[in-house]
There are 4 protein chains.
Amino acid sequence: MNFASDNAGPMHPSVLDAIVKANAGYEMPYGNDTIMPRVRDLIRTKFEAPEATVYLVATGTAANALALATYTNPWETIFAHRVAHVEEDECGSPEFYTNGAKLTLVEGAGAKMDPDALRQAIKGTGQKDVHSVQRGPVTITQATEVGTIYTLEEIARLTAIAKEYGLKTHLDGARFANACAALGCSAAEMTWKAGIDMVSFGGTKNGCAGVEAVIFFEPEKAWEFELRRKRGAHLFSKHRYLSAQMEAYLTGNLWLELGAKANANCARLVEGLETVAGAVIPDTPEANMVFAHLPRAAHRRAMDAGAQYYLFPSDAPLDGPDGELIRCRMVCDWSKSAAEIDQLTALLRG
Amino acid sequence: MNFASDNAGPMHPSVLDAIVKANAGYEMPYGNDTIMPRVRDLIRTKFEAPEATVYLVATGTAANALALATYTNPWETIFAHRVAHVEEDECGSPEFYTNGAKLTLVEGAGAKMDPDALRQAIKGTGQKDVHSVQRGPVTITQATEVGTIYTLEEIARLTAIAKEYGLKTHLDGARFANACAALGCSAAEMTWKAGIDMVSFGGTKNGCAGVEAVIFFEPEKAWEFELRRKRGAHLFSKHRYLSAQMEAYLTGNLWLELGAKANANCARLVEGLETVAGAVIPDTPEANMVFAHLPRAAHRRAMDAGAQYYLFPSDAPLDGPDGELIRCRMVCDWSKSAAEIDQLTALLRG
Amino acid sequence: MNFASDNAGPMHPSVLDAIVKANAGYEMPYGNDTIMPRVRDLIRTKFEAPEATVYLVATGTAANALALATYTNPWETIFAHRVAHVEEDECGSPEFYTNGAKLTLVEGAGAKMDPDALRQAIKGTGQKDVHSVQRGPVTITQATEVGTIYTLEEIARLTAIAKEYGLKTHLDGARFANACAALGCSAAEMTWKAGIDMVSFGGTKNGCAGVEAVIFFEPEKAWEFELRRKRGAHLFSKHRYLSAQMEAYLTGNLWLELGAKANANCARLVEGLETVAGAVIPDTPEANMVFAHLPRAAHRRAMDAGAQYYLFPSDAPLDGPDGELIRCRMVCDWSKSAAEIDQLTALLRG
Amino acid sequence: MNFASDNAGPMHPSVLDAIVKANAGYEMPYGNDTIMPRVRDLIRTKFEAPEATVYLVATGTAANALALATYTNPWETIFAHRVAHVEEDECGSPEFYTNGAKLTLVEGAGAKMDPDALRQAIKGTGQKDVHSVQRGPVTITQATEVGTIYTLEEIARLTAIAKEYGLKTHLDGARFANACAALGCSAAEMTWKAGIDMVSFGGTKNGCAGVEAVIFFEPEKAWEFELRRKRGAHLFSKHRYLSAQMEAYLTGNLWLELGAKANANCARLVEGLETVAGAVIPDTPEANMVFAHLPRAAHRRAMDAGAQYYLFPSDAPLDGPDGELIRCRMVCDWSKSAAEIDQLTALLRG
């Protein structure tokens, strides 16, 4: 019963099979394997972007940091939501890869940037000329860190503001598939058609072992990206194993099915949580993650039985008044079974 | 017939099996999986170093750059052989991870640092006080980039010089197993017993998909390394797949067997090359790599039949006088069959 | 009538004389001049800190960035007020010198950090272990960017919070003298006796041409600072001219007199501004800088007559309704005459 | 009797006078002073380059590091002579300002790059594609670190090689005036007419207190340079004092006269040294610096009388066999008097 994160789950069997299959014989290293051209074609087709530049790395942080660094000078600032992964969960990786750029934090409910707040943040930057850091790209997380999802209109509104000021736009899509499945839109609609210039397209949290694609819709900085990736030590010699994962992930829309499955698992979980006496779920989850306030006794029962998920604060004591509500985060990946979900909610109900 | 590099070959079946097996159920992310403690114990046992700090990353460049950066201030210089991987093949990754340290290049025949040259290089550094970069660690590649191997005495002599000046020592062991097998020594003898402070212990080139261990024999900077690894985007969420590879690699001395196998394959290849009319092999290979001068016609026959390996210069024309010697590099990994090797040498012989 | 900044004024005659005097004959370069030991002694005496480490640089930004970088790892964050000079006016110099550390912005009225806000900011940092940036030093600006002054108790309260979490503390004293004069306290009382570990002690804005002292009350990182200063290209070969300025500045408490004079000039200016019909001065200035809201017509009269100071926004149009209030900043240095101040206020009164 | 360095001497009276004169009244800060446009014009006129971009900084290291960083990506390498100031005397400042670029060291007699060695160094760089660091600018020191001077033809030959490979060229002119005076050429002839793209034009060593101009003959990266200068903390608020020095230095060809005077002083010194019994001067000095081998007893006499200059090694013992030759470096600036020079040679003669 591990609901701690979608990175705690296994590979999907098709992804694993692809690795097994890729293990035959020799392949040229460093991205020159025979699988990678197919991956490139698949992504270009899915994204309806025949000119797109496509690269693979193994971690979401690498995808974000390398993509952003390619379009951020050291004396610029990246506009990001206050709770964005790049701000809170990467130990300063964007600052490292950009050689010291800033992040300007933008507020907004539900971990989604407020357009007015973004505009104010951009307007407030660089006003002191050479004394100020300058304006850099805008990065949007979709689905967000709290499981909400921008509508296509919301994305377009933010990117329009960015473009008004000549700024590039990045989409951190560690949970791209969950968002795309929830919105029922195409990959193109959620990205370049909504004004996005570059994408971190996540596979790791959604059925892969460790692979993310970096996609640039304009190829002008492709070679710079390659140098940055190598210099960052993220160019794999046995690249075939990244390619294989991504090929399986993209074949037959597996990525989208797994995203939809994870969302459905979460919806089932929420349904169950609503039956826990005293439970409060402030926001209806839109993707595969739920934040709930549950009675201490419910947590105690679940955790005593081995359930894993995060409490806030992380050291919230389980011995205390039974009825007191403690906030928690639960995440479902594609691999959860109905039985496992129901087992957890049964435990919580007591 | 791919003899281009030992990173062109597949995973050993045991390593692949370990990945398959690791794919069951949930595992806590970011190095907190249940396999990693066993990996740590295996390495500590093999290296007879019960206090050693052990971390996994996915590329050799990451292992080198992160290990060195942990012990190099930005205003210091790393002493490395002129043809070391950190100098020639990492696109400045050490400079990036150290935030701008230098590399001071040390000469020496056969890609092995000459002790006197090392001493001169160290003595020549930092003499101008605050105006000079300061002395940093010494890094040794074993086996070297040209397939030679330092004897234990040679390593000890270099590390003794380093320690005389209070400098740390690093061993780039991307081909650790090949060297260890060739010397018939223990992992401990080739490292801390010979004065080495930190090791990049390679798995990728020797039967794994992408895993390297960074080993510090003193734990004082463990936490700093963890922060650097995360910040460098090299901390894997689904870390279990790194752990699984490394566990299989270390179990039952698979690593050493594969290293020995690769060396034996190379020896067989050399034997065959010696039968090619006109062939010149200036240095007897000690590990799994051979540099040979072969007649153009021999190369043409082999490459026309699909053989892959590197020529020097890389654009050496195959249409020209038959007898002219062209230098080449051929590398064997563990997976080469006798038949494949013999097929290549037969083609070369014509 | 230049009230734009205290860096628009000239050197005090004593400082200029010191430069003229220092121009005789030879002096060893790079801080080894015969004046520097006297500077060191003067600062140690003024600060009652016989062990303090003292270095000179030529710009306030260099003093701040080098001092902070010496005590901030790249994966840490510096706690600074939202409008601190290090955040708003240095084009990311702290990020550059620290190799990519963050700044965590702390709120507080009057450009002074609120203690509760500081505590919350510190508590909120590093909670995600290796995924978060880690806690670094706290920097306080005294006098602040808006001309307010922390009381000694306020400084002590902030540094106590920092020390509770084991964090170092820095005081950006570009206007150290103005604050010290206003508080009527000693240099020691405003720094180490109030819990400050390192100081940027400004001379440039207060009668010098370009010199700032960096003072560490603990000498442990002295050598590292020297290397960072050299590497940052801030070690002057003809260092004697920095030493000479600072010696004159410290002799006979010139620094304090000039700070007091600048404050008094500002007080006279405020008195005058209060007589301008319609003027609003929300906060009583405590140092040498006033923010006032004045009728457009008043600004027009002054600027037409050649007065220089900053409007907010900087492009506020002077042609518009006469009575509308426009915010402005006026700064006095030591060199302003009563006549010049009165001339400005007469113009504004109309 | 200080012959240690040309940075041990005073400002020329005209430069000091300019500072005194600049100290009247108010000036807008940060390069917006009223003197700077005249400086810009003077440099454009001297260099016959009406479009040139001109900036001032206070140290030669800042000029070099900022100029080079503006045209060097972090993954590139700068081609420099093995004994160049950027390599040996800046504590890694180019590496810091470029965020981790390399320096590739080029050999050549008399501290002058050998054209064939430069070509080989360039050809040997970047051959491994993404695995190698890429080719960056070529930097030439004129006059060199050992007092030799490139002829115009020699400069043109090196820059032609650079341009053949599309590389930018930089001239480190810390001793620009000495070289220009010795060659009897114009500033334009020694720079852009010989293929140089950017210049560090030194004032500090030649009669100023601390000022160097950075000159780009193409203005495309002017704004980037300004941001880098600010971020590096090298933008002076009281910039007028830099402008004033440079204006005086350029007025009436003072810079050239002082360079010629320093060279003549050195020639007189060499003449004197040649009369010291046993003296060996391997290379005839071309600028203002001489390396000589003198008997120990001569050194002892001079130093006992208070003479200052550098011995090699720096800790060469003065008590030992009288006749043994010890190598030394002596540097003359413009301010040396004939009497002082003759006093030194008289002492050495004994």
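All values reported here derive from a predicted model rather than from experimental measurement. (Residues numbered from 1 in each chain as written. Chains lettered and ligands numbered in written order. Predicted model: local features only at pLDDT ≥ 70, side-chain atom pairs only at ≥ 80, totals over all residues. Heavy atoms only, no water.)

(A) Representation of the environment of His293 of chain B. Mapped onto the elements, His293 of chain B comes out in strand β8 (residues 289-295). Residues His293 of chain B and Ala262 of chain B lie 31 residues apart in sequence; the distance between their C-alpha atoms is 21 Å. (Helix = DSSP H or I, 4+ residues; strand = E, 2+ residues; numbered from the N terminus.)

(B) Up close: the pattern of salt bridges. For the coordinates displayed, the defined rule picks out 60 salt bridges over all chains. Of the charged contacts in the structure, one is a salt bridge between Asp342 of chain C and Arg268 of chain C, with a shortest N-O distance of 2.8 Å. Taken as a pair, Asp342 of chain C in helix α14 (residues 338-349) and Arg268 of chain C in helix α12 (residues 254-273) lie far apart in primary sequence, 74 residues in all. You can call Asp342 of chain C partly exposed: its relative accessible area is 30%. One salt-bridge network, held together by shared partners, links Glu87 and Glu95 of chain A together with Lys102 of chain C. (Salt bridge = Lys/Arg side-chain N within 4 Å of Asp/Glu carboxyl O. Buried < 20%, exposed > 50% of the residue type's maximum accessible area, 1.4 Å probe, protein only.)

(C) Local environment of helix α14 (residues 338-349) of chain D. Residues and elements named next belong to chain D. The end-to-end C-alpha distance of α14 is 16 Å, a good match for the 16 Å that 12 residues give at a rise of 1.5 Å each. Taken residue by residue, α14 has Glu340, Ile341, Leu344, Thr345 and Leu348 as its buried positions. Taken around the axis of α14, the buried residues stretch over an arc of 130 degrees, which confines them to a single face. Buried positions along α14 lie against α12 (254-273), β8 (289-295), α13 (296-304) and β10 (325-331). Of the residues trailing α14, Gly350 is marked for its positive phi of about 80 degrees. (Expected span 1.5 Å × (residues − 1). Arc of directions from axis to C-beta. Contact = heavy atoms within 4.5 Å.)

(D) Geometry of the environment of Tyr241 of chain D. With respect to the helices and strands, the residue Tyr241 of chain D is situated in helix α11 (residues 240-250). Tyr241 of chain D sits in the buried class, given a relative accessible area of 5%. The spatial distance from the C-alpha of Tyr241 of chain D to the C-alpha of Val20 of chain D is 9.1 Å, given a sequence separation of 221 residues. Within the local environment of Tyr241 of chain D, its side chain forms a polar contact with the backbone nitrogen of Met11 of chain C, the two atoms lying 3.1 Å apart. (Polar contact = N/O pair within 3.5 Å; in protein donor to acceptor, adjacent residues only side chain to side chain.)

(E) Local environment of the environment of Trp192 of chain D. All names here are of chain D. Take Trp192: it is sitting in the loop between α9 (187-190) and β6 (198-202). Note: C-alpha distance between Trp192 and Glu212 (20 residues apart in sequence) is 18 Å. Setting aside its immediate chain neighbours within four residues, Trp192 contacts Phe47, Glu48, Ala49 and Phe217.

(F) Up close: helix α1 (residues 13-22) of chain C. Within α1 of chain C the residues assigned to the buried category are Val15, Leu16, Ala18, Ile19 and Ala22 of chain C. Down the axis of α1 of chain C, the sector holding all buried residues measures 155 degrees, keeping them to one side. Check the buried side of α1 of chain C and you find it contacts α11 (240-250) and α12 of chain C together with α1 (13-22) of chain D.

(G) The sheet that holds β8 of chain B, seen in detail. Residues and elements named next belong to chain B. Across the sheet, three strands lie side by side as β8-β10-β9; this open sheet has antiparallel pairing. Edge positions in the sheet fall to β8 and β9 (310-312), since each of these pairs with one other strand and no more. For this sheet, the mean angle separating the axes of adjacent strands, direction not counted, is 30 degrees. Here three bridges tie β9 to strand β10 (residues 325-331), and the two strands are oriented antiparallel to one another. When the sheet's bridge partners are listed, Tyr310 is paired in β10 with Arg329. (Pairing = 2+ DSSP bridges. Axes fitted to C-alpha atoms, helices over the stretch in contact; angles between N-to-C directions.)

(H) Structural view of the UniProt feature "domain: Aromatic amino acid beta-eliminating lyase/threonine aldolase" (unreviewed entry) in chain A. In the numbering used here, UniProt assigns the "domain: Aromatic amino acid beta-eliminating lyase/threonine aldolase" (unreviewed entry) feature to residues 3-294 of chain A. Taken end to end, residues 3-294 of chain A comprises 40% helix and 15% strand; its first and last C-alpha atoms sit 15 Å apart. (UniProt positions renumbered as here; feature names shortened; annotations may be inferred.)

(I) Focus on the packing of aromatic side chains. One pass over the full model with this rule turns up 54 aromatic pairs over all chains. With 5.6 Å between their ring centres and 50 degrees between their planes, Phe47 of chain C and Phe176 of chain C make a pair best called tilted. On the criterion of sequence distance, the pair formed by Phe47 of chain C in the loop between α2 (36-46) and β1 (53-57) and Phe176 of chain C in helix α8 (residues 176-183) is long-range, its members being 129 residues apart. With a centroid separation of 5.6 Å and an interplanar angle of 85 degrees, the aromatic rings of Phe47 of chain D and Phe201 of chain D are classed as edge-to-face. Residue Phe47 of chain D is located in the loop between α2 (36-46) and β1 (53-57), and its partner Phe201 of chain D is located in strand β6; the two are separated by 154 residues in the primary sequence. By relative accessible area, Phe201 of chain D is classed as buried at 0%. Feature note: the residues Phe47, Phe176, Phe201, Phe217, Tyr249 and Trp255 of chain A constitute an aromatic cluster, connected by ring pairs. A cation sits over an aromatic face here: Lys221 of chain A above Tyr71 of chain A, 5.0 Å from the ring centre. Its end group placed over the ring of Phe3 of chain B, Lys336 of chain B keeps NZ or CZ at 5.0 Å from the ring centre. (Phe/Tyr/Trp six-rings, centres within 6.5 Å; stacked < 30°, edge-to-face > 60°. Lys NZ or Arg CZ within 6 Å of the ring centre and 35° of its normal.)

(J) Quick peek at the interface of chain B and chain D. At the junction of the two partners, chain B supplies 17 residues and chain D supplies 17 residues. Across the interface of chain B and chain D, roughly 1400 Å² is buried in total on both sides, 43% from carbon and sulfur atoms. Run the count over chain B and chain D and you get four salt bridges. In this structure, Glu95 of chain D engages Lys102 of chain B in a salt bridge whose closest nitrogen and oxygen atoms are separated by 2.4 Å. Between chain B and chain D we count eight residue pairs in polar contact (both at pLDDT 80 or more) in total. Listed by contribution, the elements that provide at least two residues to the side of chain B that touches chain D are α4 (85-88) and β3 (102-106) of chain B. Grouping the amino acids of the side of chain B that touches chain D by side-chain chemistry returns five nonpolar, four polar and eight charged. (Buried area = accessible area lost by both parts, 1.4 Å probe. Nonpolar A, V, L, I, M, F, W, Y, C, P; charged D, E, K, R; others polar.)

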